[in-house]
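# Inside the fold
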Amino acid sequence: MKKFSHKNISKIGKYKIKIPKRFDKKLANRLFRFMLRLRICELYLEKEYHPADQMKCPVHFCVGEEAIPAVLNELLIEEDFLFSHHRSHGYYLAKNAPMKKLFAELYGKSSGANSGIAGSMDLSYTKKNFFAGAILSGAASIAIGAALSLSLKPKSKAIAVTGFGDGATEEGLFWETINYAGLKKLPILFICENNNYSTYAPQSKRQAGMSIAERVRSFGVDSKQVFGNDVFIVYQELKKAITKARKSRTPFLLEAFTYRQSSHVGPPNDEKVKYKSKKEIKFWKKNCPVALSERVLLMKNFLKKTDINVIKSEIKKEIKSCFDYAKNSEYPSLNSWDDLNLSHNSPLADKLLLDLDKTDFDIEQQTEVSKGF
Ligand SMILES: Cc1ncc(C[n+]2csc(CCOP(=O)(O)OP(=O)(O)O)c2C)c(N)n1
């Protein structure tokens, strides 16, 4: 297996991206458009977060990590389940969940994807089989349950997919999940977006020995490493993995090397902590998924500069309408707490919720709190 690590990738200098032979032009342009939409969405949310302080939940932005969600958006079908970690926005959009409901969720509004109660890290959109979770590796362990249930449906071609960072693989639960996937040969795709950091700690200070991709093989889970900012390579590898998982109902892990340009959490720049070198920041910005694909699409004449400007203004218009929707929506009312009871088959839970004393719930969000993210 070709070995990748963050140390050897940053020695590349300028990454030579190529559009593979016979790669569909419309597909290439769609991948670019998805990444640009996600990038602009994140940049605008970052920009809006603090001045007004109307978004109250912690948000983990994903600027620089757009390639995996773009490819999943192309390859996943409605029936597939997608489980994300805390850096959830790209995965949410990958499943075609509505952007305006993401914005409303961050603003804590009743029109949000989860009635404004979950926020960014625990975002879900059940209509599209999308779920995220704040507990590292927690979503992967739930994904294995979905994969097990899919494996019991002989006619189903659907798979479970779970995306997480390198830090999640330090959880015991992660290895229990991998062990079970390998043992039961379940239709699940594990995607590790290895951005080198768990908060401020690089992988070399947290993990010794084999790579994540190599380690899972000892549990009977096949794997591969890729340069995760090359959207065309990511597409080819995920297409192979997903086709195989649909057909032979087996697990696979892709370790995609990428980089988060955003701070670990929230918009304020955390580079002052000095955990990243100037050289690596420069390398990864120059070789980010959006810049790389833009460069090659222009070079190959798949798109012109004017086309990109049109796409940008369409996306900005959409984003403005999402902000308007979120800002003009209502906060959840006290009565709507009952709507949060999703256990419709549990009369006991229904009764307990109805009997709940709600006098202590403070529905008015205070503007002086949660400015720290
Ligand atoms: C079980 C658990 N332990 C600790 C945390 C706190 N925590 C939140 S994000 C994070 C770093 C995660 O790094 P990684 O999994 O690589 O994802 P990234 O943030 O880099 O995308 C930590 C330690 C948590 N959410 N859950």
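Our subject in this report is the structure included herewith. All residue numbers here refer to positions counted from 1 along the written sequence of the relevant chain. Reporting in this predicted model follows two pLDDT cut-offs: at least 70 for local features of residues, and 80 or more for side-chain atom pairs to be given and counted; totals over whole chains, interfaces and linings ignore these cut-offs and use all residues. Each side-chain value is derived from all of the structure's non-hydrogen atoms; neither hydrogens nor water enter the calculation.

## Some words on unusual backbone geometry
- Of note in the backbone geometry, Ser-137 takes a positive phi value of approximately 75 degrees without being a glycine.
- Each helix corresponds to a stretch of at least 4 residues labelled H or I by DSSP, and each strand to a stretch of at least 2 residues labelled E; elements are numbered beginning at the N terminus. In this fold, Ser-137 is placed in the loop between β3 (130-132) and α6 (138-151).
- Exposure categories follow from relative accessible area, calculated using a 1.4 Å probe and restricted to protein chains: below 20% of the type maximum is buried, above 50% is exposed, and the middle band is partly exposed. Exposure remark for Ser-137: the relative accessible area of 5% places this residue in the buried category.
- At Lys-185, a position not held by glycine, the phi torsion is positive, near 50 degrees.
- As for its position among the elements, Lys-185 is in the loop between α7 (172-184) and β5 (188-194).

## Focus on the site of the ligand
- To be near a molecule or strand, a residue needs just one of its heavy atoms within 4 Å of it. The local shell around the ligand holds 16 residues, among which His-86, Arg-87, Ala-134, Gly-167 and Tyr-197 are the closest.
- The definition of a polar contact used here is a pair of N or O atoms within 3.5 Å, where within protein one atom must be able to donate a hydrogen and the other to accept one, and adjacent residues in sequence count solely through side-chain atom pairs. One of the side-chain N or O atoms of His-86 is found 2.8 Å from an oxygen atom in the ligand.
- Contact between the ligand and Gly-167: an oxygen atom at 2.7 Å from a main-chain N or O atom of the residue.
- With residues, only the protein chains shown are counted as cover, and all accessible areas are computed by Shrake-Rupley using a 1.4 Å probe. Burial of the ligand by the protein amounts to 75% of the accessible area it has alone, namely 590 Å².
- Here the shell around the ligand is composed, by residue class, of five nonpolar, eight polar and three charged. Only Asp, Glu, Lys and Arg are considered charged, only Ala, Val, Leu, Ile, Met, Phe, Trp, Tyr, Cys and Pro nonpolar, and every remaining residue, Gly among them, polar.

## Looking at the packing of helix α2 (residues 25-52) against helix α11 (residues 289-299)
- Interhelical geometry of α2 versus α11 gives an angle of 145 degrees and a closest axis separation of 10 Å. The chirality of how α2 crosses α11 is left-handed. From α2, Ala-28, Asn-29, Phe-32, Met-35, Leu-36 and Arg-39 reach across to α11, where they touch Pro-289, Val-290, Ser-293, Glu-294 and Leu-297.
- Per-class residue counts for the contact of α2 with α11 are seven nonpolar, two polar and two charged. Here, axes are lines fitted to C-alpha atoms. For helices the fit covers the stretch in contact, and angles between N-to-C directions go from 0 to 180 degrees. A crossing counts as left-handed when the near helix is turned anticlockwise from the far one by less than a right angle, and as right-handed when that turn is clockwise. Contacts are assigned to residue pairs with any non-hydrogen atoms lying within 4.5 Å of each other.

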